[in-house]
Amino acid sequence: MVVAALGVTLISFIVAHAVPTDPIVSNLGQIASQRPEIVKAFREKWGLDKPLHEQYFTFVRNLARGEFGTSINTRRAVTKDLALFLPATVELATAAVVFALLLGLPLGIFAAVRRDGPIDHLARMVSLIGVSIPIFWLATVSLVLFYATLHWTVGPGRLGPQVEAPDYVTGLFTVDSLLESDFETLRDALSHLILPGLVLASSIMGLITRITRSSMLEVLSQDYTRTARAKGLREAVVVARHALRNALIPTVTVLGLAYGGLLSGAVMTETIFAWPGIGRYAFQAVRTNDFPAIMAVTFVIGIIYVVVNLVVDLLYGWLDPRIHYS
Amino acid sequence: MSQSEPTRETAPESEWRRVVSRLARNPVAMGGAVVVLAWVLTALTAPWIVPYDPIEQNIPNRLAAPSSQHWLGVDGLGRDVLSRVLYGGRISLPVAAVVVVLASIFGTLYGALAGFLGKWVDEIAMRIVDMVLSFPALILAMAIAAALGPSIRNSMLAMLMVWWPPYARLARGQVLALKECDFVPAALSLGTSNRRILLRHILPNSVAPSLVLMAMDFGNAIIITAALSFLGLGAVPPTPEWGMMVAEGRELIQQWWISTFPGVAILMVAIGCNFIGDGLRDAMDPRLRLR
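Once a new chain begins, its residue numbering starts again from 1 and follows that chain's sequence as written. Both sets of labels track the order of writing: A upward for chains, 1 upward for ligands. At least 70 in pLDDT is required for a residue's local features to be given in this predicted model, at least 80 for side-chain atom pairs to be given and counted, and no such filter applies to totals for whole chains, interfaces and linings, which use all residues.

### So, unusual backbone geometry
- Cis rather than trans, the peptide bond between B:Pro237 and B:Pro238 has omega equal to 5°.
- Strands are runs of DSSP state E lasting at least two residues, helices are runs of H or I lasting at least four, and both sets are numbered from the N terminus onward. Looking at where B:Pro238 falls in the secondary structure, it is placed in the loop between α10 (208-230) and α11 (242-250).
- Its identity as a non-glycine residue notwithstanding, A:His151 has a phi of 55°, on the positive side.
- In this structure, A:His151 sits in the loop between α7 (135-149) and α8 (173-179).
- One non-glycine residue, A:Ala274, adopts positive backbone phi at about 50°.
- Following the sequence through the fold, A:Ala274 ends up in the loop between α11 (235-272) and α12 (278-288).

This is the structure in structure tokens:
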């Protein structure tokens, strides 16, 4: 965990500094970068005049203190930017996970129970199409179809133009509006989550369906499932109580791995749905060469990824008591 | 196979043949193969079969809807969408192929060497793999591509840098298992060098899972290539690249055909590859072998 975290800092540092395009030119503009005194002041201000390893140690020391520096783009502390944008992504990703589980789990379970039946074939098609569909295209097309043409869903953004954002407590509009008992805003926030949430869910739903199906098949052929059937239990009870919990272990693993896909998908989904989350922030930082922001975002995303996978490891123990961590 | 491989004289050949025949009997995999092959042929013959020049602009006719003259409509600069989509394969297919092939070669050699040498070499090599894998591939590729500047070559480089670690992990696992097989001490006792054991005995036996991964990865590589271009980090205008075409049509919500059809092309190739990969995995699965 510590090694992984240090690795994450190292890679985010290398990436942000492997930039051949000069941050001075891209941030000061052509005219200002001609004047040596401005360039010198800029270098000093951002610590660019120090040797690389020293810059790295400063970076890690600041990280330990929770300081990511100031974004060159927004002129705000990156920590502030993150506090502003991260909740939006968490909200969207959570919606996506919920949608993906709601659709993917039953599909995988039924596919396994009725193996080689029509649902099984459907599940196979859905999961293959799910992993093959380019998410930026799905987002674009669904916005055109469901919003602009059919008017079934609300437009991009987190809230409608006439709705005011709730006061910042957690940054999650759904939770914050619930805290204020403002159900109008809550409804609006939820309705804005549907389309981007479903689009983002598509990237992991196929994976969930497929893994649930295959682990379910494996569990259903085990001796204890046969025993449960031999006891005369109803099939539904066998599936729900005896098989499902054991079959969930690989699904949970995949959910951890899929989180990476979710964060990548968030860049696309957020950019297209004008969703002010960390994915869009990352994309803008990358486009404008805002290196404190790039470093911070790659670091935070890397850490989220590492932590999620740690949580997944711990969940195993809960799902399968045979697994113990010493 | 050379005579220095006493344990498996003809087995690899017949095993491959069995895999191929099982694959040929799988209608879904064959369907995927036909689709991918059709796109490869289209890409190869595009200059002769497209109805219009893919980059020639015809402003008076801009944004024209699909018609008998322009089957898939016209884009914002008056260019024929069908011609551009057909040409798009000439960019995406070779880019994805180069990325997947180079990454799998490098990753496999890297992982095999790590697993074969073991000890601290393995430890350090695998920590590096973990470091790269601790980022979502697209995010890291996006950061690298942005650092290098937008061009097809740079987006390929960025993808290569994030693409090899899964192959390294896979190959290492295979090599660790194969190292314990009897044919290794047998070869050693015949005086075979370490290098020869790795290259001639262990590696050929460890490529099967990598092949499945490559087949499925190819579709993924097509998607990521397009995604980088969509974000403005890959192809530059006026190149007819699928991802960039989707981006160009994004603002033109009424003209749905501009972004829809390039996406359909990406989807078709990606699904085709996944069908092949899926079939290949079934064909190679030892548990399904007796059926």
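### A short note on the confidence of the model for chain A
- A residue's pLDDT is the confidence the predictor assigns to it, expressed on a 0 to 100 scale. Of all residues in chain A, 89% have pLDDT values of 70 or greater, and the mean over the chain is 80.
- Averaged over each element, pLDDT in chain A is lowest for helix α2 (residues 23-32) of chain A (60) and highest for helix α5 (residues 78-113) of chain A (88).

### A short note on the environment of B:Arg281
All names here are of chain B.
- For Arg281, the location among the structural elements is in helix α12 (residues 256-284).
- Backbone-placed C-beta atoms define the burial measure: a residue is buried with 20 or more other C-beta atoms within 10 Å of its own, exposed with 12 or fewer, and partly exposed in between. Overall, the presence of 18 C-beta atoms within 10 Å leaves Arg281 in the partly exposed class.
- Through-space distance from the C-alpha of Arg281 to that of Val212 is 6.0 Å; in sequence the pair is 69 residues apart.

### Brief notes about the confidence of the model for chain B
- For chain B, the mean per-residue pLDDT works out to 82, and 93% of the residues sit at or above 70.
- The complex prediction reports pTM at 0.82, with the ipTM value standing at 0.82.

### Notes on the environment of B:Lys119
- Tracing the sequence through the fold places B:Lys119 in helix α4 (residues 119-133).
- Residue B:Lys119 is classed as exposed on the basis of its 8 C-beta neighbours within 10 Å.

### Some thoughts on α12(A)
Residue and element names in this part refer to chain A.
- Most of α12 is tucked away, with eight of its 11 residues classed as buried.
- Taken as a whole, α12 has its buried residues at Ile278, Gly279, Arg280, Tyr281, Ala282, Phe283, Ala285 and Val286.
- Residue Asn289 follows α12 closely and has a positive phi angle near 60°.

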